[in-house]
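Geometric and topological summary
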Amino acid sequence: MSETISTEAFQVLLDRAGISVSPANMEEMRSAYMMLQAMRERVRQPRGYDAEPAHIFAPAGR
Amino acid sequence: MTALHNLTIAEAAPLLKAKKLSPVELTASYLSRIEAFDGQLNAYIRVLPEQAMAAARKAEGEIMKGAYKGPLHGVPIGLKDIYNTKGIPTTGHSALYKDHVPEADATTTRLLAEAGTILLGKLSTWEFAIGGTSFDLPWPPAKNPWNLAHDPAGSSSGSGAAIAAGLAMGSMGTDTGGSIRGPAAWCGISGLKPTYGLVSRRGILPLSFSLDHGGPMCWTSEDCALMMEVLAQHDPLDPGSADVAKPDFAGSVQKDVKGLRIGVVRHFFESDAEIDPEIKAGIEAALVTFRELGCEVMDVTLSPLSAYGDVAALISRSEAFAFHEETLKATPELYGELARQRIMMGAFIRACDYVNALRERGRLIAEIATVFESVDVLICPTMPGVAPKLGDLGNMMSRSRPSFTRVFNLTGSPALSVCSGFSAAGLPLNMQIVGRPFQDDLVLRVGSAFEKATAFRDLRPAQWAQQALAAE
């Protein structure tokens, strides 16, 4: 995974999402985006078919 | 006699019931303190003096006629300003909702009113419960009563500050990643994030549907238990509400903790994340107390803290963006900078990442259930340090320190923050007590036993106002 994302590439993502960021906040958002990318990578693990989503906590006996 | 604003709910209730304390007198006392001190503290966004006094007179009339409703009858409380209140603005501390006047009460608002509580006002919050300590909103951020230069944490900032300062007897917060327990920790009070589904979310402004919890914040765990007696009700209007038998909260906090097995998630704070030495020392001392109370203490192992943080962030940002996308795009200028930035991050999470986070969440829930086969409660820190200076919390990146609280939003477990002492600088230390789902009563029992076995509930930030005035 790339360690960073260029300002131009990040601007493309912003445009595609339809949101705007002020120049003053661009660096902060870009850094946060990279943190998010790292989280996504860590959560992507091999899982079996039975690893289903936990939509809500299911109490015992429910 | 104890000053009225230093009475706990448990202390005031028998006096109110016996007609030795008037709800009118009690409410007037709180309103007077709010008027005198909240200008420095900013705990309240909106104070409701006329409505509160009318409710107090009504409560007094009912009690005088012998129609006493229970331990919350005549008790002055505050609501975080994301709890809908019929006919009263519910702003989310945001310019976007500045004029938002709900047509109906949140279920919890209604339950508390039916129990006879007196609503003093609406309490400040991080914007939409996510924005952080912000200075670009229509109302200023709340301050920490133990030291006005310090942060009370959030997002239930006013709810924590008001209790610690004696500006309400009980308050309601919400908790998506720690927003009840964080302010409880830094303000030195007790705050319970109940089991997911035990307290209705209906009529509370959502942040992250599957992680949001409403819950009580009080000076003691015993008071939280008294509030839970009223709050824990099945609500058919909340699709996440659980139809389960209500535990005996009030009875549970009167029992001892002898024989309980306490699991310490030591790797959370010894290898997964760094914490301040004073917080660690507070926890070690608490474990000694629990052993003296007859508990068995052992270390347990869960997944690394970061595993929970990743999953929680992906889910919470996705769900928050889903709720805010339309208004964020249409009127971004009506959001404060921190809320805008934090919510926007959800735009970059793909559907497959959200689903994989939910799958991992399932694994983490199963894992903690296995650990709870060998212990009754878990203990770990609530916050890694004491309250920093107001404004020092910073932006998104500087908040990347692992969170001890988000873990239990993911698992839905009941989690309580209690005060575990004080730092050398006089700021509250903290500890988190976590239980099996729907054993909130046991969690409160453990918290209450600790509070009764230690002297930390005897120390109030009594001098805060005088110190602040002297500094001016």
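Quick summary incoming for the structure in this document. Numbers given to residues run from 1 along each chain, matching the order in which its sequence is written. As a convention, the first chain written is A and the first ligand written is 1, with the rest following in written order. Per-residue local features are limited, in this predicted model, to residues with pLDDT of at least 70; the limit for side-chain atom pairs, both in listing and counting, is 80 or more; totals at the level of whole chains, interfaces and linings are taken over all residues. The basis for the side-chain values is all heavy atoms of the structure; hydrogens and waters are excluded.

Regarding the sheet that holds strand 5 (residues 190-193) of chain B
All names here are of chain B. In short, DSSP must find at least two bridges between two strands for them to pair. A run of DSSP states H or I qualifies as a helix once it reaches four residues; a run of E qualifies as a strand once it reaches two. Both are numbered from the N-terminal end. A sheet is described by the order of its strands in space; here 11 strands give the open sequence 1-3-2-4-6-5-10-11-9-7-8, paired in mixed fashion. Lying at the two open borders of the sheet, with one neighbouring strand each, are strand 1 (44-47) and strand 8 (296-299). Strand-to-strand twist of the sheet, defined as the mean angle between neighbouring strand axes without regard to direction, takes the value 30°. Only heavy atoms enter the contact rule, under which two residues are in contact if any of them lie within 4.5 Å. As a rule, the C-alpha atoms of each element are fitted with a line to give its axis, helices using only the stretch in contact, and angles between N-to-C directions run from 0 to 180 degrees. The sheet contacts of helix 2 (residues 23-41) involve strand 1, strand 2 (76-80) and strand 3 (118-123), and relative to strand 3 the element is tilted by about 20°.

Observations regarding the interface of chain B and chain A
Interfaces are frequently sized by the accessible area removed from exposure as the parts join. Tallying the contact residues gives 39 residues for chain B and 33 residues for chain A. Joining two parts hides part of their accessible area as seen by a 1.4 Å probe, and the buried area is that hidden amount summed over both. When chain B packs against chain A, close to 3200 Å² is buried across both sides, 67% of that on carbon and sulfur atoms. Criterion for a salt bridge: a side-chain nitrogen of Lys or Arg within 4 Å of a carboxyl oxygen of Asp or Glu. Our count for the chain B to chain A interface comes out at four salt bridges. A salt bridge links Glu 360 of chain B to Arg 47 of chain A; the nearest nitrogen and oxygen atoms lie 3.2 Å apart. Residues adjacent in sequence count toward polar contacts only when both atoms are side-chain atoms; beyond that, a polar contact is any pair of N or O atoms within 3.5 Å, and within protein one must be able to donate a hydrogen and the other to accept it. Taken together, the links from chain B to chain A amount to 10 residue pairs in polar contact (both at pLDDT 80 or more). Sorting elements by how many residues they give to the side of chain B that touches chain A places helix 13 (residues 351-371) of chain B first, with 10 residues. Side-chain classes follow a simple rule in which Ala, Val, Leu, Ile, Met, Phe, Trp, Tyr, Cys and Pro form the nonpolar group, Asp, Glu, Lys and Arg form the charged group, and the remainder, Gly included, forms the polar group. Counted by class, the side of chain B that touches chain A contains 19 nonpolar, 11 polar and nine charged residues.

A look at the pattern of salt bridges
Applying the stated criterion across every chain, the model contains 24 salt bridges over all chains. Among the ionic pairs, Glu 284 of chain B bridges to Arg 266 of chain B, the shortest N-O distance being 2.6 Å. Taken together, the positions of Glu 284 of chain B in helix 10 (residues 277-292) and Arg 266 of chain B in helix 9 (residues 266-272) put the pair 18 residues apart, joining distant regions of the chain. Arg 266 of chain B gets classed as buried once you look at its relative accessible area, which sits at 17%. With its nearest N and O atoms 3.4 Å apart, the salt bridge here joins Asp 353 of chain B to Arg 350 of chain B. Throughout this description, buried means an accessible area under 20% of the type-specific maximum (1.4 Å probe, protein chains only), exposed means over 50%, and partly exposed covers the range between. With relative accessibility at 2%, the residue Asp 353 of chain B sits in the buried group. Relative accessible area serves as the criterion here: at 43%, Arg 350 of chain B is assigned to the partly exposed category. One connected set of salt bridges, linked through shared partners, spans Arg 40, Glu 41 and Arg 44 of chain A together with Arg 350 and Asp 353 of chain B.

Comments concerning the packing of aromatic side chains
Residue and element names in this part refer to chain B. Classification of ring pairs rests on two measures: the distance between centres of Phe, Tyr or Trp rings, Trp counted by its six-membered ring, which must be within 6.5 Å, and the angle between planes, read as stacked under 30 degrees, edge-to-face over 60 and tilted in between. Applying the stated criterion to the full structure yields 11 aromatic pairs over all chains. With centroids separated by 5.2 Å and ring planes inclined at 85°, the aromatic side chains of Tyr 97 and Phe 128 adopt a geometry described as edge-to-face. With Tyr 97 in the loop between strand 2 and helix 4 (107-114) and Phe 128 in the loop between strand 3 and helix 5 (157-164), this residue pair connects regions lying 31 residues apart in the sequence. Using a relative accessible area of 4% as the deciding quantity, one classes Phe 128 as buried. On the basis of an interplanar angle of 50° and a centroid distance of 5.7 Å, the ring pair of Phe 128 and Tyr 335 is categorised as tilted. Taken together, the positions of Phe 128 in the loop between strand 3 and helix 5 and Tyr 335 in the loop between helix 11 (305-330) and helix 12 (337-344) put the pair 207 residues apart, joining distant regions of the chain. Both residues of the pair, Phe 128 and Tyr 335, belong to the buried class. Here the aromatic cluster, defined as three or more aromatic residues joined through ring pairs, consists of Trp 146, Phe 290, Phe 422, Phe 450 and Phe 456. The cationic tip of Arg 342 hangs over the ring face of Trp 126; the distance from NZ or CZ to the ring centre is 5.8 Å. When the NZ atom of lysine or the CZ atom of arginine is within 6 Å of a ring's centre and also within 35 degrees of its normal, the charge is said to sit over that ring.

Details of unusual backbone geometry
Residue and element names in this part refer to chain B. With omega at 15°, the peptide bond leading from Gly 154 into Ser 155 counts as cis. You can see Ser 155 is positioned in the loop between strand 3 and helix 5. Within the chain, His 93 stands out as a residue other than glycine whose phi angle is a positive 60°. Mapped onto the elements of the fold, His 93 is located in the loop between strand 2 and helix 4.

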